[in-house]
Amino acid sequence: MPRRIGVFCGSQAGNDGRYIDTAILAASGIVERGWGIVYGGGSVGLMGVLADTALAAGGEVIGVIPAALSGKEIAHDGLSELHVVNSMHERKALMARLSDAFVALPGGFGTMDEFCEILTWAQLRIHTKPVGLLNSFGYYDELIALFDKMVREGFVTPRNRMLVYSADSIDELLDLVMN
């Protein structure tokens, strides 16, 4: 059975070309290790860069997109598989079922929503799959600091804090989440 990594990332490219480079390196690193990608199904922003790079390298790319977003995020029409679902909840549930691990690249509210929900599911032991943040160029420094504050303030246990892996490079992060 193929192994797949769920990737959450922006439907925008961001203001710095380094984020596009991050998506390219992430896709290349995942495909080089023989893993498939499960992602939000869009053809724009970092999502599109991720999918196009992985497909060009011969990788499997599965998209999951709600019907309401298929126009806004312009559903990618060249994927290995594209699942059009009815809601964001169905999107997250299907991505969770299809993935063996999860990583978040830079992104906005949608990326945070998907990342935090899959992290919460890990905390609740709904799944035991690894969850990681690709902290390229310090993008997630403040979020990581907030997670540490949550522990200090007694809202997250140290054990649950350890559910989040983070690394500055995709190779290091993949080593952490793919073991």
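Quick caveat: nothing in here was measured; it's all calculated off a predicted structure.

Enquirer: Help me get a handle on the sheet that holds strand β4 (residues 81-85), residues and values and all.
Expert: Overall, parallel pairing links the 7 strands, which are arranged β4-β3-β2-β1-β5-β6-β7 in an open sheet. Edge positions in the sheet fall to β4 and β7 (164-167), since each has one partner strand and no second. Each strand of the sheet is rotated relative to its neighbour by a mean of 25°, with strand direction disregarded. Running over the sheet, helix α3 (residues 88-98) touches β1 (4-8), β2 (36-39), β3 (61-66), β4 and β5 (101-104) and is turned about 160° from β3. Relative to β7, helix α7 (residues 170-177) is tilted by about 155°, and along the sheet it contacts β1, β5, β6 (131-134) and β7.

Enquirer: Outline unusual backbone geometry, supporting the account with residue identities and numerical values.
Expert: Of note in this structure, Arg125 is not a glycine but carries a positive phi near 65°. Within the secondary structure layout, Arg125 lies in the loop between α4 (109-123) and β6. We classify Arg125 as partly exposed; its relative accessible area is 35%. Even without being glycine, Phe137 reaches a positive phi, approximately 55°. Mapped onto the fold, Phe137 is located in the loop between β6 and α5 (141-152). For Phe137, a relative accessible area of 46% corresponds to the partly exposed category.

Enquirer: Can you explain the nonpolar core? Please cite residues and give values.
Expert: Ile5, Val7, Ile37, Tyr39, Leu50, Leu105 and Val177 are the most contacted members of the largest nonpolar core, which totals 30 residues. If sequence neighbours within four positions are ignored, Val7 has contacts with Ile30, Ile37, Val38, Tyr39, Gly40, Leu50, Met95, Val103 and Leu105. Counting 23 residues, the second largest nonpolar core, distinct from the first, contains Val38, Phe102, Ile118 and Val164.

Rules behind the numbers
- Residues numbered from 1 in each chain as written.
- Predicted model: local features only at pLDDT ≥ 70, side-chain atom pairs only at ≥ 80, totals over all residues.
- Heavy atoms only, no water.
- Pairing = 2+ DSSP bridges.
- Helix = DSSP H or I, 4+ residues; strand = E, 2+ residues; numbered from the N terminus.
- Axes fitted to C-alpha atoms, helices over the stretch in contact; angles between N-to-C directions.
- Contact = heavy atoms within 4.5 Å.
- Buried < 20%, exposed > 50% of the residue type's maximum accessible area, 1.4 Å probe, protein only.
- Core = buried A, V, L, I, M, F, W, Y, C linked by side-chain atoms within 4.5 Å.

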